[in-house]
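# Remarks on the overall topology
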Amino acid sequence: MQDVNLVFYNFCDQPGKEFLVCDLNFGGTFADPLELFSLEEYDIHNVNKRGFYAVGGNLDIKTLLASYKWGIFPWYPYKLCDEIEWYCPRQRYVIFPEEIHVGHSLRNLLNKNRYHITLNQAFRDVIHNCRNVDQRDSSNFSWLGETIEKLFVELNRMGYAKSVEVWDNDELVGGFYGFWYKGVFQGESMFSLSPSASQIGLVLLCHNPYIDGEKIKLIDTQFETPNFKHLGAEYISYQQFRHIMNG
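Residues numbered from 1 in each chain as written. Predicted model: local features only at pLDDT ≥ 70, side-chain atom pairs only at ≥ 80, totals over all residues. Heavy atoms only, no water.

### Details of the overall build of the chain
- Counting secondary structure elements, the chain contains nine helices and 14 strands.
- The C-alpha radius of gyration of the chain comes to 18 Å, within 12% of the 18 Å expected for a compact globule of 247 residues.
- Taking the principal axes of the C-alpha coordinates as reference, the chain spans close to 55 × 35 × 35 Å.
- Within the span of the chain, comprising 247 residues, buried residues form 53% of the whole.
- Of the roughly 12,100 Å² that the chain leaves accessible, carbon and sulfur atoms contribute 47%.
- When the 22 positive and 31 negative side-chain charges of the chain are each reduced to one mean point, those points stand 5 Å apart. (Helix = DSSP H or I, 4+ residues; strand = E, 2+ residues; numbered from the N terminus. Rg over C-alpha atoms; globule rule 2.2 N^0.38 Å. Buried < 20%, exposed > 50% of the residue type's maximum accessible area, 1.4 Å probe, protein only. Areas by Shrake-Rupley, 256 points an atom, 1.4 Å probe, with all protein chains shown as cover. Lys, Arg positive; Asp, Glu negative; His and termini not counted. Charge placed at Lys NZ, Arg CZ, Asp CG, Glu CD.)

### Overview of the pairing of strand S9 (residues 171–181)
- Where burial is concerned, most of S9 is hidden: 10 out of the 11 residues are buried.
- In the sheet, strand S8 (residues 161–168) pairs with S9 via eight bridges, with the strands oriented antiparallel. Bridging across to S9, serine 163 finds its partner in tyrosine 177.
- Linking two consecutive strands that pair antiparallel, namely S8 and S9, is a turn of two residues; a positive phi of about 60 degrees is found at asparagine 169 within it.
- Inspection of the sheet shows S9 paired to strand S10 (residues 184–192) by eight bridges, in the antiparallel sense. Its bridge partner lying in S10, tyrosine 181 is registered against valine 184.
- What sits between the antiparallel neighbours S9 and S10 is a turn of two residues, in which lysine 182 has the positive phi angle 55 degrees. (Pairing = 2+ DSSP bridges.)

### Things to note about the sheet that holds S10
- Strand order in the open sheet formed by seven strands is S7-S8-S9-S10-S13-S6-S14, and the pairing between neighbours is mixed. The sheet is open, and its two edges are formed by strand S7 (115–119) and strand S14 (234–237), each paired on a single side. The average angle at which neighbouring strand axes cross in this sheet is 35 degrees, direction not considered.
- Of the strand pairs in this sheet, strand S6 (residues 91–95) and strand S13 (residues 218–220) are connected by two bridges, and their pairing is antiparallel. The partner of isoleucine 95 across the bridge, within S13, is isoleucine 219.
- Contacts from helix H9 (residues 238–246) reach S6, S9, S10, S13 and S14 within the one sheet, and its direction differs from that of S14 by about 85 degrees. (Axes fitted to C-alpha atoms, helices over the stretch in contact; angles between N-to-C directions. Contact = heavy atoms within 4.5 Å.)

### Observations regarding the packing of helix H4 (residues 104–111) against helix H7 (residues 197–207)
- Where H4 contacts H7, the two axes come as close as 11 Å, and the packing angle between them is 75 degrees. By the criterion of interaxial angle, the relationship of H4 to H7 is roughly perpendicular. Contacts from Leu106, Leu109 and Leu110 in H4 reach Gln199, Ile200, Val203 and Leu204 in H7.
- Of the residues contributing to the contact of H4 with H7, the split by class is six nonpolar, one polar and no charged. (Parallel < 35°, antiparallel > 145°, perpendicular 65-115°, else oblique. Nonpolar A, V, L, I, M, F, W, Y, C, P; charged D, E, K, R; others polar.)

### A few points about unusual backbone geometry
- The phi dihedral of asparagine 113 falls on the positive side, at around 55 degrees, and the residue is not glycine.
- Assignment of secondary structure puts asparagine 113 in the loop between H4 and S7.
- Notably, glutamine 222 is not glycine yet its phi reads approximately 75 degrees, a positive angle.
- With respect to the secondary-structure elements, glutamine 222 resides in the loop between S13 and helix H8 (226–230).
- Assessed through its relative accessible area of 8%, glutamine 222 is described here as buried.

Bear in mind that shape data such as this cannot, by itself, settle questions of function.
Okay, here's the thing in structure tokens:
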């Protein structure tokens, strides 16, 4: 793996155990995760559910475009960490639109026809709400800061980031955004100002799974949560994830 440096590193918010990760400082580059996962040394020293993959580097458009095209994403408490932490879980938690599950309570809300969605009509409002709703950004463990917000606004301008807005009449009550590439929507964050609004948005998107005329192959939720589990999300391997993205 040319130009790839591996270093031992601790989670900045969970000190005490070292993990072998890519070092992106001093000109290091992302390694193909499939190659990295095949290394015996990496396999022994990097068994963690979060998928801690790399440390360092820069938060800029060029780096984000390179990382998300591999399915690698920045995720770290920026107020506590001195360096950027990057993640690439070996098991991705995903939703296939055709397999979305709608439970009884969500179905009742849908039947009321109270909400409707739009695509990419209020990206700035969505990401700003994702950052600030419920005073998220005031927490020391917040990962969505001003830098990432500005970068994703630029990615949206370039066509790589998309948002789903959930409306109650003319009021924005929920939504989510993510990185859009080759029919795979890599979800980043959601917000709801009304009960289950973002979940309803996800269901409605899956019922008409197209963005800019291209069919959505899968929605990557990155990690398991109870809400995603109730919606029918499932684990697939990173290898399957890449195959679907590049298929």
